[in-house]
Structure formats: C-alpha cells, structure tokens
Amino acid sequence: MSNSQETFEQLLKENKHKIYRICRIYAATPIEPEDLFQEVVFQIWKSLPNFKGKSSIDTWVYRIALNVCLRSKMKLDKNNQKTTRFDAIHFRQATETIDPFEEEKFKYLKECIATLNESDTSIVVLYLDEISYKEIAEITGLSENHVAVKMKRIRKKLFECIAPKIN
Amino acid sequence: MLEQELKNIWNNSSKTAQISIETDRLVMEFDTKMTNVQRKIRKRDIREISASVFGILIFSFFAYEIPFPITKFSCFLSILWFAYVIYKFRQSNKQNSSENLSLPLKEQLTHKKQLLQYQLKLLNSAGYWYVGPSFITNFIFIIGLGNPTDYNWTNQIAENLLPLTVNAKVGTIIGLGFIYLLVIWVNKIAARKEVQPILKNIELIQQQLNNSN
C-alpha cells in the first residue's frame, strides 16, 4: 500500500462519521446521504495530492465536505445528479439497537436546521461537531468575531425551535 | 444543558449506520471513475472542436477552389473565426475545470460566482462573438460569389452547392439569418434558465454569509 493510500485510509477512518453527519443534513431527494458521502470521499481522494498542509487536515476535510454538499444542494454539479455508487463503501444499519427517541430527536434537530438559511446551516453543523470558532472561521472564510456574532443568533433560533419539541 | 443535548443528538446521528470502506478496492474504483470522467471530457472537447475543425477544412477547400476574390477573402475570415471559436471553447473549459473544493466556503462561492458570470457573459454575448462574425463572413462569402464563366471556373459540386443566383443568395442569407437568430435565442434561454438562477442562489448565500443578522 502506498503512502498516499495509507494517509487516505487513515483520513477516512477518522473522518467518516463526521462526513456522514453533514451529508445527512444536506442530502435532498433524489440524492441520498450515502450518495453525497461517496461524492465527498471521492473529492477528498481527488484533492489529496494538492493538500499542502496550510490548514489542519480536519479543516481541509470539513471544507471539502461542506463545499461538495452545498454544491449538490444548489445543483451546481450536473454530474452528481447521476451518482455513481462505489461498491467498496458499505453502509449497514447499526447492529446495536437504535434508540427510537434519539432518532426522533435527530429528526427534530434536522427539521430545525432546515429552517435556517444555507449560510447558517453550514455554520451550525460545524458548531454541533464541536468545532472551535477559530476553526469555523478557517473553514468558512469568515472572521472569528463574525462567526461568534452569527452563532449567538443561530443558537437562539435553533434553541427556540427545538426546545418545545424535545421537552 | 440544551446545548450539550443537541451536540449529543448530533454525534449520535451517525451511529445509525455502520460504514465500512475497503480502501484498496475503493482506490481502484476511483481510478476507474477518474478515467471515465477524463474520457468524457475528452469526448466533449473533441465534439466541440470537431465542428470548427470541419469548418476550417471546408473553408480551406473553398479558399483554394473558389476563384472569386471577395469570397476567397471571406473564407480566410471564416478560418480565423473557427480558430477563435476553438480558442474560446478551450479557454472556457479550462476555467470550468479549475474548481478547488478545499477552499474556504466564502472563497469557493466567489470562485464559482466568477465562473458562472463568465459563462453568463459568454451565453449572453453569443450574438457578438459567435453569431455576428459568423453571419458577417457568411454574408461576404455569399455576396462575393460571381459568375463562374467570368473566371473560367468549373466545379460541378461547388456550383451545385453554392447560391450563385440573386434569388438563391437572398434566400440563403435570410435562412442563415433565421438560424443565427435561433442560436442567439437558445443561448439567451440557457443563460436565463440555467445560469442565472444558480448565480442568484450564490449571491444570496454570499449575502447571508456577510450579514451578521
């Protein structure tokens, strides 16, 4: 196995869940989260030789994931309308029983995120992934202060939407 | 409290699926996809350029064969125009393939917006850079056609194909005019229906990103 392939494997191992979480928010019919996940992974592989280490690898992965997801949602990528399924990526339902209440709560969270605009959605998914404002700023290209101001408003809106649903 | 609960819901949301990846196989599949994508791009380039190359060949033949000086001159203009179209297509394709998805979201949107603005300009100005020059060279070509016997010229195929009489000339110019108007219209429709909505969407997201409220 080559060095780049090892890096790629390690990168997927560490990031696959966070990529999938973002894809679950952005996937819109007829594109499934699994399709979007595959496209993100493909773009990561394609861009990996150009990774210069100017940002952390996590920041870089988030940037690609968000850009691909947004591109798909805005139908900027005509090719992605006909998605290719890669047989080497397998999605299986988790063996451990999924808590139906957790799924219900996630459904509410997704509904509330859907009420936000595209810009706020991209920030909130990073915030929920416990990314620092500094890193969110690096991923989005906004200033740290701007992210903080935006987050204050987004958090309020999100809490107001979800609190009555999950309580 | 609520904040932590939301983060927990979020983190647990990826536990619904077990994702396993066979990296060796995946890399092979990606290689195949890349080859297919490159093949598609090559085919598209060939398709776009072949029409112009065919035009260059035809008008080179006309320039060599036809004796009428004005028509000959228009053939050279047409060849130049076809070469310009090839350059324009190649430039546009190069720009479209310059996507860098690892840029920060804001920069990525700016980059995409520039690409779309270029595409929009190209479509909206098709009348000036595509249709206009082509129609003018065709017009000169047709007007320049004279009487073959004045030049001791005989070429049965060319004589049958070319509009040599006044009526045939007028009919051909009008026909070409309609075709070119249709091309302008199709380009305008593509600009309005395909490019402009995406551009508006990008501008909206840019506005949302820049606003603090």
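Residues numbered from 1 in each chain as written. Chains lettered and ligands numbered in written order. Predicted model: local features only at pLDDT ≥ 70, side-chain atom pairs only at ≥ 80, totals over all residues.

Caption draft 1: Representation of the confidence of the model for chain A within the structure. The predicted model of chain A averages 89 in pLDDT, with 92% of residues at 70 or higher. Taking the mean pLDDT of every element in chain A, the minimum, 86, falls on strand β1 (residues 89-93) of chain A and the maximum, 96, on helix α6 (residues 133-140) of chain A. (pLDDT = per-residue confidence, 0-100. Helix = DSSP H or I, 4+ residues; strand = E, 2+ residues; numbered from the N terminus.)

Caption draft 2: Molecular detail of the confidence of the model for chain B. Residues and elements named next belong to chain B. Model confidence for chain B is summarised by a mean pLDDT of 91, while 99% of its residues fall at 70 or above. For chain B, helix α6 (residues 156-161) is the element with the lowest average pLDDT, namely 81, and helix α7 (residues 166-210) is the one with the highest, namely 95. For this predicted complex, the interface confidence reaches an ipTM of 0.87, while the overall pTM sits at 0.85.

Caption draft 3: Examining the interface of chain B and chain A more closely. Listed by partner, the interface residues are 39 residues for chain B and 57 residues for chain A. Every element with two or more residues in the side of chain B that touches chain A is listed here: α1 (2-12), β1 (17-21), α2 (23-65), α4 (105-124) and α7 of chain B. Looking at which element gives the most residues to the side of chain B that touches chain A, the answer is α2 of chain B, with seven residues. Class assignment of the residues belonging to the side of chain B that touches chain A gives a composition of 17 nonpolar, 13 polar and nine charged. Direction of pairing for β1 of chain A relative to β1 of chain B: antiparallel, over a ladder of five bridges. Paired with Gln-93 of chain A across the strands is Ala-17 of chain B, a residue of β1 of chain B. (Contact = placed C-beta atoms within 7 Å. Nonpolar A, V, L, I, M, F, W, Y, C, P; charged D, E, K, R; others polar. Pairing = 2+ DSSP bridges.)

Caption draft 4: Structural context of α2 of chain B. An ideal rise of 1.5 Å per residue puts 63 Å on 43 residues; α2 of chain B measures up with 61 Å between its terminal C-alpha atoms. The largest bend in α2 of chain B is about 30 degrees, located at Ile-49 of chain B. Among all positions in α2 of chain B, only Leu-26, Glu-29, Phe-59 and Phe-62 of chain B are buried. Buried residues in α2 of chain B make contact with β1 of chain A together with β1 and α3 (69-96) of chain B. (Expected span 1.5 Å × (residues − 1). Bend = angle between axes of the 7 residues up to and from the residue. Buried ≥ 20, exposed ≤ 12 C-beta atoms within 10 Å, placed from the backbone.)

Caption draft 5: Quick peek at the environment of Val-85 of chain B. Residue and element names in this part refer to chain B. Here Val-85 shows up in helix α3. A sequence separation of 37 residues divides Val-85 from Glu-48, and the C-alpha atoms of the two residues are 9.4 Å apart. Ignoring sequence-local partners within four residues, the contact set of Val-85 consists of Ser-52 and Tyr-130.

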